[in-house]
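Understanding the architecture of this molecule
The residues making up each chain are set out below.
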Amino acid sequence: MSTGTAKGVWVLIEQENGKLRDGSLELVGEGRKVADKLNEGLTVVVQGNIAEEQMGLLAQHGAERVLCVEHPALDQYYVEVYSQVLSDAIEEQAPSVVLAVGSINGTDLACRIAARLGTGLVTSCDRVDVDTEGNLVQVKPIYGGKAAATCICPADRPQMATVNLDALELKSPVTGRTAEVEKYKPDTKTEKPSIQNVGFIKGDPKAIDLTEADIVVAGGMGFSTQENFKMINELADVIGGSVAATRRVVDEEWTTLSRQIGLTGKTVRPKLYIACGISGAIQHTMGMKDSKLIVAINTDRNALIFKIADVSVVGDVMQVVPELTAQLREAMAQGTKSSTDDSPETVSDAESQS
Amino acid sequence: MNIVVCVKQVPDVESRVVVEKGEISIQGLIVSDVINPQDLMAIEEALRIKEVDGEGQVTLVSLGTPRAEEALRKGLAMGADEAMLLCDLAFEGGDSYATAVVLAKAISTIPHELVLCGQRADDTQSGQAGVYLAKMLGVPVVRGVVKVEENLVERKLKLQRKLEKGDREVVECPIPALLTVETGLNSPRNPTIKGVLRAKNKEITRRDLQQLQMSAEEVGAAGSKIKVTHISPPKPKMKGLFVPDSKMSSFDKMRAIMEGGITQKKSDFLEGDPKDIAAQIIRFLREQKIIPG
């Protein structure tokens, strides 16, 4: 598509059982920023239906229009069908920018749409912006993050980008905004999908590779004995994390090599890394310093680990870990009970709109 | 089964990569180029499937400079049968799309049923070329493949796709198809001495712009959709907590909320009664949406 007539910023988000998935609101905020700079409208596109107050949230974060895409063939999410339906919608309505969440399936979808439309896409962006000529600017890491490339898509529309979940920040919602909700039911004659979903295997934190774990609970020599070290397993269990260890722990044979983090072990970047009784020598921290959030527990306030920790606990793991495990057990049980209810904040925000 | 594997030679990203005057510079006395790690897994998988099938050829295709022959020879040494290097000044500076255009043209001249690609190149890190390529070849594509079970009788594949958190999606896909493979698929074999010797003398087919019957506008920088305007050093990672109220750090806010049981310290340390410590950690985890509540 040529640049001339394309207008509007679209943000593709994902929902699960009516609730917005991680990164959605953050991406809408990012889309709002781009739309403001381009002086164009912001449309949020989602498959199927989402709950009322989620709509409210989308509006508060900047959506002016929400397109709920429905098509019989989408009853089972065949990525091929969805990419075809969205590609047709994009061709018809000609937005100038399409942003998607940089999740695995979000990226898959964006790649397919870009291929169908023959347009440009930059994946895994850390940042998007608008330059003085009104082009979408996409900034992404290259060479393993050792450099950053700034890109534009000068001739093709829509300009597409997927944005890293890590790079997105939740902006403050603005109450009082509303969005127009439109049910989009294209009569696209969809091609029969070649790929069939036949199953799903849930990852067991006990069994998955540490590099895929979302939460890692690691133990070091602060436990003194193998028997004591075992309390790591309970903590990991309760929080749904995977167990990891320092090289010395593995050398002592308190756990297996596959659980070793560091220079001679694995490098991980989980959402949460809990370092229990770990001093934080560089050979270890090399393997986990890029974790999104680090909680460290150590008796020595001069321990190197505290230099990279987000939460620094000076304490004895023998006391803190059991207490944390017990309280987490309760917290998680409570959490699951109330997960189907609206959280208090959301309800009052929605109410304050009227 | 005849299988094509796309291979890219990349700098070893463990080597010193710096940005100098807006350009990437790889420093060191010995700069080693390697086969992109995920492409190695693609080669391994192709060899495995061919061995199971008992027939067919594995052909490696690479778009690169003459130096990329090194990478192709390694693949041949692992056991691949043929290799093709797409080499022309005009191909340089291309984005994923422009790379796919050239690959598609070349691959359509090679009889094949399956195309395997590493999902992501360690240098450019786009992870898209495979999808553009599949569209151009007119075949279905599955990304993120970490397990392949071939059904040679019914000519279809059962695949596991890597999702977040160690989850796997299981899909079925007909052959012909294109798969982009992810880390975790396999452990690539090492070349044997015999393989290395054989590869040394093997002729690598070369194709340039003219031989592929393409025009300069279709390829390289000219044929790209994406233009890189500049390259810069990475932004330092902001190690800090996002807080809605920027006047107070999340930590101070937490401390202000909780009263009693905490030792007031100038530093950021959390100390004192383990019960209170645990409660504060949980509060923090809730705030960060790591745990529900």
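Since the model is a prediction, treat every value here as computed from it, not as a measurement. (Residues numbered from 1 in each chain as written. Chains lettered and ligands numbered in written order. Predicted model: local features only at pLDDT ≥ 70, side-chain atom pairs only at ≥ 80, totals over all residues. Heavy atoms only, no water.)

Looking now at empty space enclosed by the protein. Enumeration over the complete set of coordinates arrives at one cavity of 30 Å³ or more. Taken as a whole, the largest cavity holds about 110 Å³ of empty space. As for the largest cavity, its lining consists of 15 residues, and the residues nearest its centre are V79(A), I195(A), R161(B), E169(B) and V171(B). Mapped onto the lining of the largest cavity, the elements with two or more residues apiece are α3 (79-93) and α4 (104-117) of chain A together with β9 (141-151) and β11 (168-174) of chain B. For the lining of the largest cavity, the per-class residue count stands at seven nonpolar, two polar and six charged. (1 Å grid on protein atoms, 1.4 Å probe; cavity = no way out; pocket = protein on both sides within 12 Å on 5 of 7 lines; lining within 4 Å. Points joined across faces, edges and corners; volume = space filled by probe spheres on them. Helix = DSSP H or I, 4+ residues; strand = E, 2+ residues; numbered from the N terminus. Nonpolar A, V, L, I, M, F, W, Y, C, P; charged D, E, K, R; others polar.)

Now for the sheet that holds strand β6 (residues 58-63) of chain B. One open sheet accounts for 10 strands, arranged β13(A)-β11(B)-β10(B)-β9(B)-β12(B)-β8(B)-β1(B)-β6(B)-β7(B)-β13(B); its pairing is mixed. The open sheet is flanked by β13 (196-201) of chain A together with β13 (205-207) of chain B, the only strands paired with a single partner. Going across the sheet, the axis of each strand differs from the next one's by a mean of 30°, ignoring polarity. Relative to strand β8 (residues 114-118) of chain B, strand β1 (residues 3-7) of chain B is paired through four bridges, and the arrangement is parallel. Within β8(B), the position partnered with I3(B) by the bridge is L114(B). Of the strands in this sheet, β1, β6, β7 (82-86) and β13 of chain B touch helix α2 (residues 69-78) of chain B, which is tilted by about 165° from β7(B). (Pairing = 2+ DSSP bridges. Axes fitted to C-alpha atoms, helices over the stretch in contact; angles between N-to-C directions. Contact = heavy atoms within 4.5 Å.)

The subject of this paragraph is the interface of chain B and chain A. You'll often see interface size given as the accessible area lost when the parts meet. The interface is formed by 71 residues belonging to chain B together with 79 residues belonging to chain A. Summed over both sides, the interface between chain B and chain A buries roughly 6700 Å², with carbon and sulfur atoms accounting for 60% of that surface. At the boundary of chain B with chain A, the tally comes to seven salt bridges. With a shortest N-O distance of 2.8 Å, R168(B) and E212(A) are connected by a salt bridge. Taken together, chain B and chain A are joined by 32 residue pairs in polar contact (both at pLDDT 80 or more). Elements with a minimum of two residues in the side of chain B that touches chain A: β3 (16-20), β4 (23-27), α4 (129-137), β9, β10 (156-162), β11, β14 (227-232) and α7 (274-287) of chain B. Sort the elements by how many residues they give to the side of chain B that touches chain A and α7(B) lands first, with 10 residues. In terms of residue class, the side of chain B that touches chain A is built from 36 nonpolar, 12 polar and 23 charged. The sheet contact formed by strand β10 (residues 147-152) of chain A and β14(B) spans five bridges and is antiparallel. (Buried area = accessible area lost by both parts, 1.4 Å probe. Salt bridge = Lys/Arg side-chain N within 4 Å of Asp/Glu carboxyl O. Polar contact = N/O pair within 3.5 Å; in protein donor to acceptor, adjacent residues only side chain to side chain.)

Residue and element names in this part refer to chain A. As a packed pair, α3 and α4 sit with axes 9 Å apart at the nearest point and diverge in direction by 50°. The angle between the axes of α3 and α4 places the two elements in the oblique class. Of the two elements, α3 crosses α4, and the hand of that crossing is right-handed. Residue-level inspection shows V79, E80, Y82, S83, Q84, L86, S87, I90 and E91 of α3 in contact with α4, the latter providing D108, L109, R112, I113, R116 and L117. For the contact of α3 with α4, the residue count by class is seven nonpolar, three polar and five charged. (Parallel < 35°, antiparallel > 145°, perpendicular 65-115°, else oblique. Left-handed = near helix turned anticlockwise from the far one by under 90°.)

Let us now look at the domain arrangement of chain A. Split by domain assignment, chain A resolves into domain 1 (9-184) and domain 2 (210-340). Relative placement of domain 1 of chain A and domain 2 of chain A: their C-alpha centres are 35 Å apart. (Domains from an automatic or database assignment.)

Residue and element names in this part refer to chain A. Taken in spatial order, the seven strands make up an open sheet running β7-β11-β6-β1-β4-β5-β12, and their pairing is parallel. Only two strands of the sheet have a single neighbouring strand rather than two, namely β7 (121-125) and β12 (180-184). Within the sheet, the average angular offset between the axes of one strand and its neighbour, ignoring direction, is 20°. On top of the sheet, α3 reaches β1 (9-12), β4 (42-47), β5 (65-69), β6 (97-101) and β12; it is set at about 140° to β5, its chief contact.

Right, let's get into a nonpolar patch on the surface. Residues and elements named next belong to chain A. A cluster of nonpolar side chains, contributed by L263, I282 and M286, occupies part of the molecular surface with about 310 Å² of accessible area. By secondary structure assignment, the location of I282 is in helix α8 (residues 282-285). Relative accessible area serves as the criterion here: at 58%, I282 is assigned to the exposed category. (Patch = residues over 30% accessible without salt bridge, like charges linked within 9 Å, V, L, I, M, F, W, Y side chains within 5 Å. Areas by Shrake-Rupley, 256 points an atom, 1.4 Å probe, with all protein chains shown as cover. Buried < 20%, exposed > 50% of the residue type's maximum accessible area, 1.4 Å probe, protein only.)

One pass over the full model with this rule turns up four aromatic pairs over all chains. Between F223(A) and F229(A), the aromatic rings sit 5.8 Å apart at their centres with planes inclined by 85°, giving edge-to-face as the arrangement. Where F229(A) meets W254(A), the ring centres are 5.8 Å apart and the plane angle is 45°; that geometry is what we call tilted. Of this pair, F229(A) sits in helix α5 (residues 226-229) while W254(A) sits in the loop between α7 (247-251) and β16 (272-276), and the two are 25 residues apart along the sequence. Ring-pair connections join several aromatic residues into one group, and the members of that group are F223(A), F229(A) and W254(A). The ring of Y97(B) carries the charged tip of K225(B) above its face, separated from the ring centre by 4.6 Å. (Phe/Tyr/Trp six-rings, centres within 6.5 Å; stacked < 30°, edge-to-face > 60°. Lys NZ or Arg CZ within 6 Å of the ring centre and 35° of its normal.)

With that out of the way, let us pick up helix α6 (residues 231-239) of chain A. Residues and elements named next belong to chain A. By the burial criterion, the buried members of α6 are M231, I232, L235, A236, V238 and I239. What you see down the axis of α6 is that its buried residues fit within an arc of 165°, all on one side. Of the residues one or two after α6, G240 is the one with positive phi, at around 75°. (Arc of directions from axis to C-beta.)

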